[in-house]
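Inside the fold
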Amino acid sequence: MAELTEKDLMKIEDYYYLTGYKHWYPFPCELKKKLLAIYAKEPFPHEWTEQDIFEGSRKIIMDYFKNNSN
């Protein structure tokens, strides 16, 4: 059983910053809200795994910055 917390979200932001996506840091509030809305609570009766959160958030983050680039 896993859920995304504010602390986890900060770790994800740090990860992208340290891996070369410095212009994405910090994540926009809109993106943070979207990630927390999806992964902060588990969809009963299903359960998130750490892998579900990592892969799902990665896809959302990549799509967000691909579609919202200047």
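Placed above this text is the structure.
These lines cover the structure that appears in this document, whether it is placed above or below. Throughout this document, residue positions are counted from 1 along each chain, in the order its sequence is written. The predicted nature of this model means local features are confined to residues of pLDDT at least 70 and side-chain atom pairs, given and counted, to a pLDDT of 80 or more, with totals for whole chains, interfaces and linings taken over all residues. Working from all heavy atoms in the structure, the side-chain values ignore hydrogens and water.

Description of helix H3 (residues 50-67)
- Runs of E in the DSSP output that reach at least two residues are strands. Runs of H or I that reach at least four are helices, and both are numbered from the N terminus. For a helix, the expected span equals 1.5 Å multiplied by the residue count minus one. End to end, H3 covers 26 Å across 18 residues, agreeing with the expected 26 Å (1.5 Å per residue, within 8%).
- Contact definition: two residues touch when any of their heavy atoms are within 4.5 Å. On the buried face of H3, the contacting elements are helix H1 (6-18) and helix H2 (29-39).

Quick look at the side chain of Glu13
- Examined against the element boundaries, Glu13 turns out to sit in helix H1.
- Once residues lying within four places of it in the same chain are set aside, the contact partners of Glu13 are Tyr25, Pro26, Phe27 and Lys32.

Regarding the nonpolar core
- Counting 17 residues, the largest nonpolar core has Leu4, Phe27, Leu31, Leu35, Ile61 and Phe65 as its most contacted members.
- Within the residue set of this core, elements represented by two or more residues are H1, H2 and H3.
- Sort the elements by how many residues they give to this core and H3 lands first, with five residues.
- Excluding residues that lie within four positions of it along the chain, Ile61 makes contacts with Ile12, Tyr16, Trp24, Phe27, Leu31 and Leu35. The set of buried Ala, Val, Leu, Ile, Met, Phe, Trp, Tyr and Cys residues whose side-chain atoms join them within 4.5 Å is what this entry labels a nonpolar core. Here the term buried applies to any residue with accessible area under 20% of the maximum for its type, exposed to any over 50%, and partly exposed to those in between, with areas from a 1.4 Å probe on protein chains only.

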